[in-house]
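Chain and residue survey
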Amino acid sequence: MEAILKAHNVNVFGSGEQVIVLGHGFGSDQSVWRYLVPYLTADYRVVLYDTMGAGTTNPEYFDFDRYSNLEGFAYDVIAILEELQVKSCIFIGHCHSGIVGIIASIFRPDLFSKLIMLCSSPRLLNDKDYIGGFDEEELNQILHGIHSNFEAWCVGFAPMIVGGDMDSPAVQEFSRTLFNMRPDIALWVCKANFLYDKRPILPKVKIPCHILQSSADRTSSVPTAEYLHRHLGGPSIVEAMSTAGHLPQLSSPDVVVSIVLKHIRLQIT
């Protein structure tokens, strides 16, 4: 196995001609897809990987310059696909990995037949005539919390993002993977997530995009999903799911699995 696959803990399961790649979001790792994967492996070849900086990756491999923006993560996805000799895939990206997918599809549209974005946003900070979900004061509070006491910040951040209390299995699972991150890397990736603005590149995306959004999500929202739909350059569709929280694949897996399977099969033009 080549270095890129080892570095990202790449796992390949299942069989079939169609390849599905699963990209996780901030604070989690590939285990966040564990409820979905069993429904895919009978019909598809499934590629799982950990984004650099996740607690399951070697922090010595984290290049702070490379990962100061989402393009670094997109180059990683392309490198993984090339190493696995994947000719085309359906890319399912949660949170910022959905945006990583659209960036990668602009660089290499030949590698992607469809993008499925789960609770993804082109910009998290509010702007004039745009609601991202957070203002600068909230961002500063988040960054200060990570810097001053990472463990205490995780305890507060996890239930806010997932939606629920600390007794919730989904909150406990996200807390575990979040706390596994090295604090300085978590701070860096969090900054990169909150400061990116990928609205200008949306018209360049020509690959069909399926935008799935929790109806109640602190990090992204249905209006954000509709913004993506209006500004993407290719065919797209939006579905608001009857789920709450930013990690519905953990908190409401039955709902998410059914909807994702539908959109894998659904063709839009």
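A brief look at the structure comes next. Everything numeric here is computed off the predicted structure, so don't read it as measured data.

Remarks on the overall build of the chain
Secondary structure summary: the chain contains ten helices and seven strands in total. Relative to a compact globule of 269 residues, whose C-alpha radius of gyration would be 18 Å, the chain shows 17 Å and is just as compact. By principal-axis analysis of the C-alpha atoms, the chain measures approximately 50 × 45 × 35 Å. Sorting the 269 residues of the chain into buried and exposed places 57% on the buried side. Within the structure as shown, the chain displays about 11,300 Å² of accessible surface, and the carbon and sulfur contribution to it stands at 52%. If you average the places of the 20 positive and of the 29 negative side-chain charges in the chain, the two averages end up 7 Å apart.

Brief notes about the pairing of strand S3 (residues 45-48)
The sheet contact formed by strand S1 (residues 11-14) and S3 spans four bridges and is antiparallel. Each residue of the ladder has a partner; that of Phe-13, found in S3, is Val-46. Where strand S2 (residues 19-23) lies against S3, four bridges are found, and the strand directions are parallel. Following the sheet pairing, Val-19 is matched in S3 by Arg-45.

Observations concerning empty space enclosed by the protein
Tallied over the entire structure, the rule returns four cavities of 30 Å³ or more. In this structure, the largest cavity spans a volume of roughly 180 Å³. Taken together, 19 residues form the lining of the largest cavity, with Phe-26, Cys-95, Asn-193, Thr-219 and His-246 sitting closest to its centre. Listing elements by their share of the lining of the largest cavity, those giving two or more residues are helix H5 (150-162) and helix H7 (183-195). Top element by residues in the lining of the largest cavity is H7. It accounts for three residues. Here the residues of the lining of the largest cavity sort into eleven nonpolar, eight polar and no charged. Its volume calculated, the second largest cavity comes out at about 60 Å³. Looking at the second largest cavity, it is lined by 13 residues, and the ones nearest its centre are Phe-26, Thr-51, Ala-54, Met-181 and Val-189. When the residues that make up the lining of the second largest cavity are grouped by side-chain class, the tally is six nonpolar, seven polar and no charged.

Considering helix H8 (residues 222-231)
When we look at burial in H8, the residues that qualify are Thr-224, Ala-225, Tyr-227 and Leu-228. When H8 is viewed along its axis, its buried side chains cluster within an angular range of 155 degrees and face the same direction.

A short note on the side chain of Arg-123
When you line up the elements, Arg-123 lands in the loop between strand S5 (112-118) and helix H4 (136-148). When its relative accessible area of 15% is taken as the criterion, Arg-123 is described as buried. Here the side chain of Arg-123 touches Asp-197 through a polar contact of 3.3 Å, side chain to side chain. Ignoring sequence-local partners within four residues, the contact set of Arg-123 consists of Tyr-130, Gly-132, Tyr-196, Asp-197 and Arg-199.

Rules used throughout
- Residues numbered from 1 in each chain as written.
- Predicted model: local features only at pLDDT ≥ 70, side-chain atom pairs only at ≥ 80, totals over all residues.
- Heavy atoms only, no water.
- Helix = DSSP H or I, 4+ residues; strand = E, 2+ residues; numbered from the N terminus.
- Rg over C-alpha atoms; globule rule 2.2 N^0.38 Å.
- Buried < 20%, exposed > 50% of the residue type's maximum accessible area, 1.4 Å probe, protein only.
- Areas by Shrake-Rupley, 256 points an atom, 1.4 Å probe, with all protein chains shown as cover.
- Lys, Arg positive; Asp, Glu negative; His and termini not counted.
- Charge placed at Lys NZ, Arg CZ, Asp CG, Glu CD.
- Pairing = 2+ DSSP bridges.
- 1 Å grid on protein atoms, 1.4 Å probe; cavity = no way out; pocket = protein on both sides within 12 Å on 5 of 7 lines; lining within 4 Å.
- Points joined across faces, edges and corners; volume = space filled by probe spheres on them.
- Nonpolar A, V, L, I, M, F, W, Y, C, P; charged D, E, K, R; others polar.
- Arc of directions from axis to C-beta.
- Polar contact = N/O pair within 3.5 Å; in protein donor to acceptor, adjacent residues only side chain to side chain.
- Contact = heavy atoms within 4.5 Å.

Any functional reading would require information beyond the geometric quantities listed.
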